[in-house]
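Summary of structural features
These are the residues of each chain, in order.
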Amino acid sequence: MEVHSLVYPHQLTKDEQPNTVAAFGFFDGVHQGHRTVIKKAITIAAESNKKSAVITFDPHPSVVLQNTKETIRYITPIEEKIKQIELLGVDRLYIIRFDKNLAKLSPKEFLTHFADELHITHIVAGFDFTFGHKGAGNMENIHDLVHLNTEVTTIGRLDFQGEKISSTRIRADLKRGKMEEVERLLGRPYTLGGEVIHGDKRGRTIGYPTANIKIEDDYVLPRIGVYAVEIKIDNEIYSGMANIGYNPTF
Ligand SMILES: Cc1cc2nc3c(=O)[nH]c(=O)nc-3n(C[C@H](O)[C@H](O)[C@H](O)COP(=O)(O)O)c2cc1C
Ligand SMILES: Nc1ncnc2c1ncn2[C@@H]1O[C@H](COP(=O)(O)OP(=O)(O)O)[C@@H](O)[C@H]1O
């Protein structure tokens, strides 16, 4: 997968880009709803002999729009999101930096710059996707805003047990430790990654070799507790137990 990080205004031109079908959205979690949108773009691309792409943003719009000093946490911080999107078999990923200038673009300007000028001739997004200043562009008015030759496919709402599958719902489930539900909504087990660092070397003395994982990316962590886990080290999978929390005794 080719990954392109773009800042508005980008310098790419239509002639340099392949004819592309792109899925648009923030895609935090790359959950079942997101996968349906992305897979649709891949299918259309294969049928029409075009390249498939995902257009996403970083950081989350709320960082810029609400001017928050709080660290925003993600189900899939950007590196994890890249990994998950690549696993779906997407040809190209465009990561657009969400900043104040981007937020000012009208829906029409947004489409001209990030669809037409990237040679995107087919846009795929979910029923509730919005774009442009104050989210004024949506999947209804997009038909009046896109280039005449650009096609649009809208994916209907994907539910689980009568409720929309959404990043907000998954974040809430992670915080409550409802990991089975998280897995169903994501379509895969929740994963996080980090570097193994030295601890107090206490575990090995009681028969449990431990790996202390330093989480540097901004993950939404599951509720404090002890979890059954699988650990991947150098492409080898091990079964284990993980403690998310503190050392109350030491
Ligand atoms: C089987 C097992 C039981 C543990 N029980 C406690 C405990 O009762 N209180 C505590 O503060 N930490 C407990 N720990 C956590 C350790 O203090 C330590 O944080 C952990 O093993 C990772 O660091 P290490 O590199 O020193 O092994 C336990 C760890 C293991 C593997
Ligand atoms: N449950 C769903 N069903 C259909 N499309 C969805 C669903 N959830 C998200 N999408 C679509 O996926 C893309 C990314 O959505 P985003 O706003 O990041 O998701 P969320 O609603 O999970 O916060 C958008 O095009 C959005 O419309």
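Residues numbered from 1 in each chain as written. Chains lettered and ligands numbered in written order. Predicted model: local features only at pLDDT ≥ 70, side-chain atom pairs only at ≥ 80, totals over all residues. Heavy atoms only, no water.

- Per an unreviewed UniProt entry, the chain carries the name Bifunctional riboflavin kinase/FMN adenylyltransferase and comes from Gracilibacillus boraciitolerans JCM 21714.
- Per UniProt, the chain carries the Sequence similarities (unreviewed entry) text "Belongs to the RibF family." (UniProt positions renumbered as here; feature names shortened; annotations may be inferred.)

1. Remarks on empty space enclosed by the protein
- Taken as a whole and assessed by the stated rule, the structure comprises one cavity of 30 Å³ or more.
- There is about 30 Å³ of room inside the largest cavity.
- Taken together, Phe 26, Phe 57, Asp 58, Tyr 74, Thr 76, Ile 78 and Lys 81 make up the lining of the largest cavity.
- Looking at the lining of the largest cavity, the elements with two or more residues in it are strand S3 (51–58) and helix H3 (78–87).
- Across the lining of the largest cavity, the residue classes tally to four nonpolar, one polar and two charged. (1 Å grid on protein atoms, 1.4 Å probe; cavity = no way out; pocket = protein on both sides within 12 Å on 5 of 7 lines; lining within 4 Å. Points joined across faces, edges and corners; volume = space filled by probe spheres on them. Helix = DSSP H or I, 4+ residues; strand = E, 2+ residues; numbered from the N terminus. Nonpolar A, V, L, I, M, F, W, Y, C, P; charged D, E, K, R; others polar.)

2. Thoughts on the site of ligand 1
- Around ligand 1, the structure places 13 residues, and the nearest of them are Arg 202, Gly 203, Thr 210, Asn 212 and Thr 249.
- For ligand 1, an oxygen atom lies 2.9 Å from a polar atom in the side chain of Asn 247.
- Pro 248 places a main-chain nitrogen or oxygen 3.2 Å from an oxygen atom of ligand 1.
- Relative to its unbound accessible area of 620 Å², ligand 1 is 70% covered by the protein chains.
- Looking at the shell around ligand 1 residue by residue, the classes come out as four nonpolar, six polar and three charged. (Near = heavy atom within 4 Å. Polar contact = N/O pair within 3.5 Å; in protein donor to acceptor, adjacent residues only side chain to side chain. Areas by Shrake-Rupley, 256 points an atom, 1.4 Å probe, with all protein chains shown as cover.)

3. Quick word on the domain arrangement of the chain
- Taken as a whole, the chain is organised into domain 1 (2–160) and domain 2 (192–250).
- Taking only C-alpha atoms, the centre of domain 1 and the centre of domain 2 are 34 Å apart.
- Domain 1 puts eight residues into the contact, and the matching count from domain 2 is six residues.
- Between the two partners, domain 1 and domain 2, sit zero salt bridges.
- Seen at the junction of domain 1 and domain 2, the total is four residue pairs in polar contact (both at pLDDT 80 or more).
- Considered class by class, the residues forming the side of domain 1 that touches domain 2 number four nonpolar, one polar and three charged. (Domains from an automatic or database assignment. Contact = heavy atoms within 4.5 Å. Salt bridge = Lys/Arg side-chain N within 4 Å of Asp/Glu carboxyl O.)

4. With respect to the site of ligand 2
- For ligand 2, the set of nearby residues contains 20 residues, the closest of which are His 31, Gly 126, Asp 128, Leu 158 and Lys 164.
- At 2.9 Å from an oxygen atom of ligand 2 is found a main-chain nitrogen or oxygen belonging to Phe 27.
- Starting from 530 Å² of accessible surface for ligand 2 in isolation, the protein chains cover 89%.
- Because more than half of its atoms lie within 2 Å of the grid, ligand 2 is assigned to the second largest pocket.
- Mapped onto the shell around ligand 2, the elements with two or more residues apiece are helix H1 (32–48) and strand S5 (120–126).
- At three residues, H1 tops the list of elements feeding residues into the shell around ligand 2.
- Of the residues belonging to the shell around ligand 2, the class tally is nine nonpolar, eight polar and three charged. (Sits in = over half its atoms within 2 Å of the grid points.)

5. Looking at the sheet that holds strand S1 (residues 2–6)
- Pairing is parallel across the open sheet formed by six strands, whose spatial order is S1-S4-S3-S2-S5-S8. The sheet terminates laterally at S1 and strand S8 (151–155), the two strands that pair on one side only. Taken over all neighbouring pairs, the strand axes of this sheet differ in orientation by 20° on average, direction set aside.
- Note: S5 against S8, five bridges, orientation parallel. What sits directly across from Gly 126, in S8, is Ile 155. (Pairing = 2+ DSSP bridges. Axes fitted to C-alpha atoms, helices over the stretch in contact; angles between N-to-C directions.)

6. Some words on helix H7 (residues 167–175)
- For H7, the set of buried residues is Ser 167, Arg 169, Ile 170, Asp 173 and Leu 174. The buried residues of H7 occupy an angular sector of 160° when projected down its axis, which confines them to one face. Projecting away from the buried face of H7 at angles above 90 degrees are the exposed residues Thr 168 and Lys 175.
- Backbone geometry just downstream of H7 places Gly 177 in the positive-phi region, at approximately 70°. (Buried < 20%, exposed > 50% of the residue type's maximum accessible area, 1.4 Å probe, protein only. Arc of directions from axis to C-beta.)

7. Some points on the layout of surface pockets
- Here the second largest pocket defines a volume of roughly 1,100 Å³.
- Lining the second largest pocket are 43 residues, and of these Gly 25, Phe 26, Asp 128, Phe 129 and Thr 130 lie nearest its centre.
- Contributions of two or more residues to the lining of the second largest pocket are made by H1, helix H2 (61–65), helix H4 (100–104), S5, strand S6 (130–131) and H7.
- Taken together, the residues of the lining of the second largest pocket sort by class into 19 nonpolar, 16 polar and eight charged.

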